[in-house]
Amino acid sequence: TGWYHQVWNDEDALSINQNWGNGASILWTAVTLRRDLWRVQFLLTGEHTAPSDADMQESAQRVLRMNQRVDLPGFVAFLRRVA
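Residues numbered from 1 in each chain as written. Predicted model: local features only at pLDDT ≥ 70, side-chain atom pairs only at ≥ 80, totals over all residues. Heavy atoms only, no water.

Further remarks concern the packing of aromatic side chains. A complete count under the given rule lists two aromatic pairs for this structure. Relative to phenylalanine 42, the ring of tryptophan 38 lies with its centre 6.1 Å away and its plane at 10 degrees, an arrangement referred to as stacked. Note that tryptophan 38 and phenylalanine 42 are positioned in helix H1 (residues 26-45) at a spacing of four residues, about one turn of the helix. Residue classification places tryptophan 38 among the partly exposed positions, given a relative accessible area of 35%. (Phe/Tyr/Trp six-rings, centres within 6.5 Å; stacked < 30°, edge-to-face > 60°. Helix = DSSP H or I, 4+ residues; strand = E, 2+ residues; numbered from the N terminus. Buried < 20%, exposed > 50% of the residue type's maximum accessible area, 1.4 Å probe, protein only.)

What follows covers the packing of H1 against helix H2 (residues 54-68). Direction vectors running N to C along H1 and H2 enclose 125 degrees, while the axes themselves pass 9 Å from each other. Classed by the angle they form, the pair H1 and H2 counts as oblique. Considering how the two elements wind past one another, H1 and H2 form a crossing that is right-handed. Where H1 abuts H2, its residues Thr32, Leu33, Asp36, Leu37, Val40, Gln41, Leu44 and Thr45 lie against Met56, Ser59, Ala60, Gln61, Val63, Leu64, Asn67 and Gln68. Tallied by class, the residues present in the contact of H1 with H2 amount to eight nonpolar, seven polar and one charged. (Axes fitted to C-alpha atoms, helices over the stretch in contact; angles between N-to-C directions. Parallel < 35°, antiparallel > 145°, perpendicular 65-115°, else oblique. Left-handed = near helix turned anticlockwise from the far one by under 90°. Contact = heavy atoms within 4.5 Å. Nonpolar A, V, L, I, M, F, W, Y, C, P; charged D, E, K, R; others polar.)

This brings us to the nonpolar core. Counting residues in hydrophobic clusters, the biggest one holds seven residues: Leu33, Leu37, Val40, Ala60, Leu64, Val70 and Phe75. Taken together, the elements giving at least two residues each to this core come down to H1 and H2. (Core = buried A, V, L, I, M, F, W, Y, C linked by side-chain atoms within 4.5 Å.)

Below, the structure is given as structure tokens:
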């Protein structure tokens, strides 16, 4: 992703990292999240429009969170924190 970082361990260690967005890839991340939400909505409703039912919208966001580890409101909150 073009995100530089360096880690020094004084002892043996296990590190698990997930970098899904940074300044170089933020637009790609936004487009990917929106596309994946659209796919989930289509699978849930069979329609190419956002579901009008609030419960269905929350279900779509919940599936997006499970697949991508963040939903659109969470992504917007992330952008506001780092902006």
